[in-house]
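What the coordinates show
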Amino acid sequence: DGGITQSPKYLFRKEGQNVTLSCEQNLNHDAMYWYRQDPGQGLRLIYYSQIVNDFQKGDIAEGYSVSREKKESFPLTVTSAQKNPTAFYLCASSALAGSYNEQFFGPGTRLTVL
Amino acid sequence: GQQLNQSPQSMFIQEGEDVSMNCTSSSIFNTWLWYKQDPGEGPVLLIALYKAGELTSNGRLTAQFGITRKDSFLNISASIPSDVGIYFCAGLAQGGSEKLVFGKGTKLTVNP
């Protein structure tokens, strides 16, 4: 079964702690993306990667970090520098050739910082 | 940055009614995508459009790539309760970066 998995579904952390969100895909997609979703704001791009060991900042990268050591995996770390980390985080992937604009999303992780 | 204007923000309809929503941009887009998101889940791709004037259907859903390349429309015919959710448009601007731009969504409520 091909798809994108994100874990955990719900995450609670204390203020000041770093937290890492997992994203794995078995679609053999080259590109992977992290978005943040807040009520009424749509999706905002945090980071994206088109190839292993390379990634670019999106529109709201401050306070976040990523790595892309394997094609299948693109973990996101929410650092203590992120001023308002409570949100719904979505990971997506797309192929780079052909229909490369079609992004497919994981089920999301809801992060709550107490 | 780029923005897409999606309307309406919300819709309340009766089961069986048809639904229309649209997305507009101030610049030309090469690609339009329509997604549906259920509460607490990730968006699911419904329809992808790549050519001006293109009309594509997926069951009761039909989407069109506007001929000006600055807009797109999504229609749902004979709505059913499971159509409830938030519908997002997304697009890739001509000459822009490879990043998709998303609308803020249309929240659809279907009364049985």
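The coordinates are above.
Section: the state of the cysteines
Residue and element names in this part refer to chain A.
- Scanning the entire structure with this criterion turns up two disulfides over all chains.
- What pairs with Cys23 in a disulfide is Cys91, and their sulfur atoms sit 1.8 Å apart. As the torsion about the S-S bond is roughly -75 degrees, the Cys23-Cys91 disulfide counts as left-handed. Placement of Cys23 in strand β3 (residues 19–25) and of Cys91 in strand β9 (residues 87–94) is noted, with a sequence separation of 68 residues between them.

Regarding the nonpolar core
All names here are of chain B.
- In terms of nonpolar packing, the biggest core is built from 23 residues, with Trp34, Leu74 and Leu108 touching the most fellow members.
- Elements with a contribution of two residues or more to this core: β2 (10–14), β3 (19–24), β4 (29–37), β5 (44–49), β7 (61–65), β8 (71–76), β9 (85–93) and β11 (106–111).
- Discounting chain neighbours no more than four positions away, the residues touching Leu74 are Val19, Ser20, Met21, Trp34, Ile47, Leu61, Thr62, Ala63 and Tyr87.

Re the sheet that holds strand β1 (residues 4–7) of chain A
Residue and element names in this part refer to chain A.
- The strand order across the open sheet formed by four strands is β1-β3-β8-β7, and the pairing between neighbours is antiparallel. At either end of the open sheet lies a strand with only one pairing partner, and these are β1 and β7 (64–66). Each adjacent strand pair in this sheet contributes to an overall mean axis angle of 20 degrees, direction not counted.
- Taken together, the four bridges between β1 and β3 define a ladder with antiparallel strand orientation. In the strand pairing of β3, Thr5 is matched with Glu24.

Looking at a nonpolar patch on the surface
- On the surface, Tyr10, Phe12 and Leu114 of chain A cluster together to form a nonpolar patch covering roughly 390 Å² of accessible area.
- The exposed category is assigned to Leu114 of chain A, whose relative accessible area is 63%.

Here's the deal with the environment of Phe55 of chain A
Residues and elements named next belong to chain A.
- As for its position among the elements, Phe55 is in strand β6 (residues 54–57).
- Sequence spacing of Phe55 and Leu111 is 56 residues, and the spatial spacing of their C-alpha atoms is 23 Å.
- With near-sequence residues (within four places) excluded, Phe55 lies in contact with Tyr47, Tyr48, Ser49, Val66, Ser67, Arg68 and Phe74.

Observations concerning the side chain of Asp83 of chain B
- Checked against the element boundaries, Asp83 of chain B lands in the loop between β8 and β9.
- If we skip the residues at most four places from it in the chain, Asp83 of chain B touches Lys36, Arg60, Ile76, Leu108 and Val110 of chain B.

Observations regarding the interface of chain A and chain B
- Counting from both sides, the interface comprises 22 residues of chain A and, opposite them, 19 residues of chain B.
- Where chain A abuts chain B, roughly 1700 Å² becomes buried across the two surfaces, and 56% of that area is made up of carbon and sulfur atoms.
- Connecting chain A to chain B are two salt bridges.
- Of the charged contacts, one joins Glu41 of chain B and Lys9 of chain A as a salt bridge, the two residues approaching to 3.8 Å between their closest N and O atoms.
- Here chain A is connected to chain B by four residue pairs in polar contact (both at pLDDT 80 or more).
- Ranked by residues supplied to the side of chain A that touches chain B, first place goes to strand β5 (residues 43–51) of chain A with four residues.
- The class makeup of the residues in the side of chain A that touches chain B is 10 nonpolar, nine polar and three charged.

Some thoughts on the pairing of β3 of chain A
Residue and element names in this part refer to chain A.
- Covered by surrounding structure in β3 are Val19, Leu21, Cys23 and Gln25 only, the residues Thr20, Ser22 and Glu24 on the alternate face being uncovered.
- Where β3 meets strand β8 (residues 76–78), three bridges bridge the pair, whose relative direction is antiparallel. Counterpart to Thr20 in the pairing with β8 is Thr77.

What counts and what doesn't
- For every chain, the first residue of the written sequence is number 1, and numbering continues from 1 onward in sequence order.
- Chain letters start at A and ligand numbers start at 1, both assigned in the order the entries are written.
- Per-residue local features are limited, in this predicted model, to residues with pLDDT of at least 70; the limit for side-chain atom pairs, both in listing and counting, is 80 or more; totals at the level of whole chains, interfaces and linings are taken over all residues.
- Hydrogens and water are ignored here; the side-chain numbers use all heavy atoms of the structure.
- Only a pair of cysteine sulfur atoms within 2.5 Å qualifies as a disulfide here.
- The way it works is that DSSP assigns letters per residue, a run of H or I at least four long becomes a helix, a run of E at least two long becomes a strand, and they are numbered from the N terminus.
- Only buried Ala, Val, Leu, Ile, Met, Phe, Trp, Tyr and Cys residues count toward a nonpolar core, and they belong to the same one when joined by side-chain atoms within 4.5 Å.
- Burial classes follow relative accessibility: with a 1.4 Å probe on protein chains only, a residue under 20% of its type's maximum area counts as buried, one over 50% as exposed, and anything between as partly exposed.
- Any pair of residues with heavy atoms lying within 4.5 Å of one another is described as a contacting pair.
- Two strands are said to pair when DSSP picks up at least two bridges between them.
- Lines are fitted to the C-alpha atoms to define the axes, a helix being fitted only along its stretch in contact, and any angle between axes, read from their N-to-C directions, falls within 0 to 180 degrees.
- Only residues whose relative accessible area exceeds 30% and that form no salt bridge are eligible for patches; like-charged ones are grouped when within 9 Å, while nonpolar side chains (Val, Leu, Ile, Met, Phe, Trp, Tyr) are grouped when within 5 Å.
- The accessible surface values rely on the Shrake-Rupley method and a 1.4 Å probe; as for residues, cover is taken only from the protein chains in view.
- Salt bridges are defined by distance alone: a side-chain nitrogen of Lys or Arg within 4 Å of a carboxyl oxygen of Asp or Glu.
- A 1.4 Å probe defines the accessible area here, and the buried area is the portion of it lost by two parts on being joined, summed over both.
- Residues adjacent in sequence count toward polar contacts only when both atoms are side-chain atoms; beyond that, a polar contact is any pair of N or O atoms within 3.5 Å, and within protein one must be able to donate a hydrogen and the other to accept it.
- Side-chain classes are defined by residue name, with Ala, Val, Leu, Ile, Met, Phe, Trp, Tyr, Cys and Pro counting as nonpolar, Asp, Glu, Lys and Arg as charged, and the others, Gly among them, as polar.

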